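Single-letter residue listing:
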Amino acid sequence: MATQDRLIESTQELLWERGYVGTSPKAIQQRAGVGQGSMYHHFDGKPDLAAAALRRSAEQMRAVAEADLAGPGSAHDRVAAYLRRERDVLRGCRIGRMAQDPEVVADPRLRAPVEETFDWLRGRIAEVIADGQTAGDLRAGTDPADLAAAVVAVVQGGYVLARAADSAEPFERAVRGALALLAAHRPDRAAGPTP
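Residues numbered from 1 in each chain as written. Predicted model: local features only at pLDDT ≥ 70, side-chain atom pairs only at ≥ 80, totals over all residues. Heavy atoms only, no water.

(A) Inspection of the environment of D131 at higher detail. Relative to the assigned elements, D131 resides in helix α8 (residues 108-135). Spatially, the C-alpha atom of D131 lies 9.3 Å from that of P144, the residues being 13 residues apart in sequence. (Helix = DSSP H or I, 4+ residues; strand = E, 2+ residues; numbered from the N terminus.)

(B) Up close: the packing of aromatic side chains. What the rule picks out here adds up to one aromatic pair. Where Y159 meets F171, the ring centres are 5.1 Å apart and the plane angle is 35°; that geometry is what we call tilted. With Y159 in helix α9 (residues 144-165) and F171 in helix α10 (residues 169-183), the pair connects residues that are twelve residues apart, well separated along the chain. Note that R87 overlies the ring of Y82, its terminal NZ or CZ placed 4.9 Å from the centroid. (Phe/Tyr/Trp six-rings, centres within 6.5 Å; stacked < 30°, edge-to-face > 60°. Lys NZ or Arg CZ within 6 Å of the ring centre and 35° of its normal.)

(C) Broad picture of helix α5 (residues 75-84). Most of α5 sits out of view: seven of its ten residues are buried. Those residues of α5 that fall on the buried side of the exposure criterion are A75, H76, R78, V79, A80, Y82 and L83. On its buried face, α5 is in contact with α4 (46-69), α8, α9 and α10. (Buried < 20%, exposed > 50% of the residue type's maximum accessible area, 1.4 Å probe, protein only. Contact = heavy atoms within 4.5 Å.)

(D) Spatial organisation of the environment of R62. Inspection of the secondary structure assignment puts R62 in helix α4. Taking the relative accessible area as the measure of exposure, R62 reaches 27% and is therefore partly exposed. Taking C-alpha positions, R62 is 24 Å from T134, a pair spaced 72 residues apart along the chain. Beyond its immediate sequence surroundings of up to four residues, R62 is in contact with E116, T117 and W120.

Structural data, given as structure tokens:
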């Protein structure tokens, strides 16, 4: 792996584990197995490297979510696949954790990948829901953007509840609840698809 990639990957992991303030240049260098000169050859400093790491984490999160949301099946099936995807629940969301980091939120350059990722995720889920409403898989009448925001909030809130309880169980309950709410938007199968 190239030095620049090792630095970015190490920063991704450290940001996830320790947050921005807890991620020192020295810790990044040690984790990446590179010297200070190598780090500053590729990046202007910690903020520059953290921005690159956040962008990469955002790209990876989008790719994983898109695999579920673009997968086979109905709109309900695809949103359910996103909700049920295997996650390291107790570690939380790489991007969601950064939204709780005051240093990241205060810096527009660091906040941008976080904000853009959640905007994209809500928008993409809303597209899937709207497609489902058009196809008759989900009942029309509820704003797809509202349902998408609820799905994203359930996942992010589920991470917080799980970490607070030191158990995946609160996350799993939140997902089951979201799936029940989503199922309530499915048309009655006996009545046939909604026009």
